[in-house]
Amino acid sequence: MTMTRRDFLSASAGLAAAPALGARAWGAPLPREADVVVIGAGAAGIAAARRIMAANRRVIVVEAAGRSGGRCLTDTATFEVPFDRGARWMHNPDTNPMIKLARSAGLDISAAPPGQKIRVGRRNARAGETEEFLAALVRANRAIDEASRKVDVSCASVLPKDLGDWAGTAEFVLGANATGKDLKDVSAMDRARAQERNTAISCRQGLGVLVAKLGDQVPLSLSTPVSRIAWSGRDVTVETPAGKIAARAAIITVSSNVLAAGHIKFTPDIPKRQLDAAAKLSLGSYDRIALQLPGNPLGLGRDDVVIEQSNSTRTALLFANMGGSSLCTIDVAGAFGRDLSAQGEPAMVAFAVEWLAKLFGGEAAAAVKKSSATRWNSSPFILGAMSVAAPGAQPSRKILTEPIGCMFLAGEATHETLWGTVDGAWESGERAAEAALRRIGALRDEPVDAPVRAPKQRRQGAPIN
Ligand SMILES: Cc1cc2nc3c(=O)[nH]c(=O)nc-3n(C[C@H](O)[C@H](O)[C@H](O)COP(=O)(O)OP(=O)(O)OC[C@H]3O[C@@H](n4cnc5c(N)ncnc54)[C@H](O)[C@@H]3O)c2cc1C
């Protein structure tokens, strides 16, 4: 990932993003057959289903949760403005399909907030200090890029040792805040291969609203967790509490943590190669604490983004006065964020208030009118925030894209350069859909990939059909 000295908002590509509460459910009984069944109605699943519908093939998306959108979730009920509990920013406007899709869906998009501030204790960083910090970011990033050309080590192990007072902040911005993991747990190669994520663009109605809207015309069965998939090189049967669906191919978009946790059983088992790859691409931790702070007690501008000079991982990123409202969000991530979110919402809110008081004085605590915090690690059908390769594990992304019989994995973790993003998930869904269409003979322009053969089974364990 190349990084310019433009700003730290771009540097921190994982800067995260609305619940699409009350998404449309499949009104009819679950179909018993489809050409392709898609598991999961996040960005990847919706993109895959749209591609299959465009090829005039029968598709059904089965989603465990009672809503669509997955890690894109806009809460439109709690605060005066939409609150993106998951993904918030779209990057790379020239190539990001989500931006065009948002426009054509009639939603409003706007460029990133201009105000990016760094606090040094109770004051703003001086111009020279900000320059110094941005230079430290560039050097750290360059060191990671260079190291990644030789061997896949941890990002932390190759950081320049002389980043001085900015070492902790650079670690936070490039590690926890960008990927959900501390740099010691991040593969230098994975980080370096990630496509630059320039410019942060938001959707006023919420990114979760956008993704749910894009799924409006897709046949979708909500609250339908897949428990087992019986597969072969020829067909699949997907089992849910609402019944079984037989299909010629399946696209599985669940997160790497859900796949590795074995919550979906496979008959026969899926190859260890793919299961190991999913485990090596485990999800980092990224959560958002939202505080309604009427009267602007922090004295900040509309959409100001603030980080602090910190020498520990106990730090956060503030997004203040969102869209001119009194809603402020405090993002916590990495090992610190994971421990904090495990302690529950009251502890998260207490940290946010204490952190704001440290940087802006005590008035913030008294001003909190309403609060809410996400806890993605304990969200049962997600289990974390975004995938990051462990040191040495960058090749795992490609492994996840290998077909398994007539099953295809998709989702952000399967994207080699746009992992951890919504557009990456979207593209991965389209890619998997094309592969599935080819497998069932609906696209004839390219040869069919060689299938991974299902291991021989005893008769009673054999795949259905
Ligand atoms: C806090 C946070 C901030 C983020 N910020 C950004 C950002 O600013 N910009 C950005 O581009 N990206 C951001 N991301 C990452 C982005 O949200 C993800 O990369 C993307 O949404 C992943 O989409 P997906 O379709 O791959 O997976 P998911 O959204 O996880 O979709 C998978 C779906 O599978 C379903 N499922 C699971 N198990 C089953 C089962 N057994 N049966 C049926 N369905 C099942 C799940 O419920 C889920 O809906 C952020 C993520 C988080 C958590």
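See the structure printed just above.
On a predicted model such as this, the values are computed, not experimentally measured, just so you know.

Peer 1: Just to check I follow, could you spell out the overall build of the protein for this structure?
Peer 2: Assigned secondary structure in the protein consists of 14 helices and 19 strands. Per-residue burial over the protein gives 59% buried out of 465 residues. Total accessible area on the protein stands at roughly 17900 Å², and carbon and sulfur atoms take up 51% of it.

Peer 1: Any chance you could explain helix α5 (residues 167–179) here in plain terms?
Peer 2: Along an α-helix, residues three or four positions apart point the same way, because every turn accommodates 3.6 residues. For α5, built from 13 residues, the straight-helix expectation of 18 Å at 1.5 Å per residue is met to within 8% by its first-to-last C-alpha distance of 17 Å. The sharpest bend along α5 measures roughly 30 degrees and falls at valine 173. Buried within α5 we find Thr169, Ala170, Phe172, Val173, Leu174, Gly175, Ala176, Asn177, Ala178 and Thr179.

Peer 1: Would you mind going over the environment of glycine 344 with me for this structure?
Peer 2: Mapped onto the fold, glycine 344 is located in the loop between α10 (334–342) and α11 (345–360). Taking relative accessible area as the criterion, glycine 344 reaches 9% and is therefore assigned buried. Between the alpha carbons of glycine 344 and alanine 373 there is a distance of 8.8 Å; along the sequence they are 29 residues apart.

Peer 1: Help me understand the packing of aromatic side chains in this model?
Peer 2: What describes a pair of aromatic rings is the distance from one ring centre to the other and the angle between the planes of the rings. Overall, the coordinates contain four aromatic pairs when judged by the stated rule. With a centroid separation of 5.3 Å and an interplanar angle of 55 degrees, the aromatic rings of tryptophan 89 and phenylalanine 319 are classed as tilted. Placement of the pair is tryptophan 89 in the loop between β4 (83–84) and α3 (97–104) and phenylalanine 319 in strand β16 (residues 317–320), with a sequence separation of 230 residues. Residue tryptophan 89 is classed as buried on the basis of its relative accessible area, which comes to 7%. Taking the centre distance of 5.0 Å and the plane angle of 65 degrees together, the rings of phenylalanine 336 and phenylalanine 351 count as edge-to-face. Of this pair, phenylalanine 336 sits in helix α10 while phenylalanine 351 is found in helix α11, placing the two residues 15 residues apart along the sequence.

Peer 1: Can you help me understand the nonpolar core in this one?
Peer 2: As a rule of thumb, soluble globular proteins bury nonpolar side chains together. One finds Met98, Leu210 and Ile251 to be the most contacted residues of the largest nonpolar core, which totals 45 residues. Within the residue set of this core, elements represented by two or more residues are β1 (33–39), α2 (43–54), β2 (59–62), α3, β8 (201–203), α7 (207–214), β12 (243–252) and α14 (422–439). With eight residues, the single largest contributor to this core is α14. The contacts of isoleucine 251, once residues within four sequence positions are left out, are Val36, Val37, Val38, Ile39, Ala48, Ile52, Phe408, Ala410, Ala432, Ala433 and Ala436. Counting 38 residues, the second-largest nonpolar core is a separate cluster that includes Val173, Ala188, Leu327 and Ala333.

About the cut-offs
- Residues numbered from 1 in each chain as written.
- Predicted model: local features only at pLDDT ≥ 70, side-chain atom pairs only at ≥ 80, totals over all residues.
- Heavy atoms only, no water.
- Helix = DSSP H or I, 4+ residues; strand = E, 2+ residues; numbered from the N terminus.
- Buried < 20%, exposed > 50% of the residue type's maximum accessible area, 1.4 Å probe, protein only.
- Areas by Shrake-Rupley, 256 points an atom, 1.4 Å probe, with all protein chains shown as cover.
- Expected span 1.5 Å × (residues − 1).
- Bend = angle between axes of the 7 residues up to and from the residue.
- Phe/Tyr/Trp six-rings, centres within 6.5 Å; stacked < 30°, edge-to-face > 60°.
- Core = buried A, V, L, I, M, F, W, Y, C linked by side-chain atoms within 4.5 Å.
- Contact = heavy atoms within 4.5 Å.

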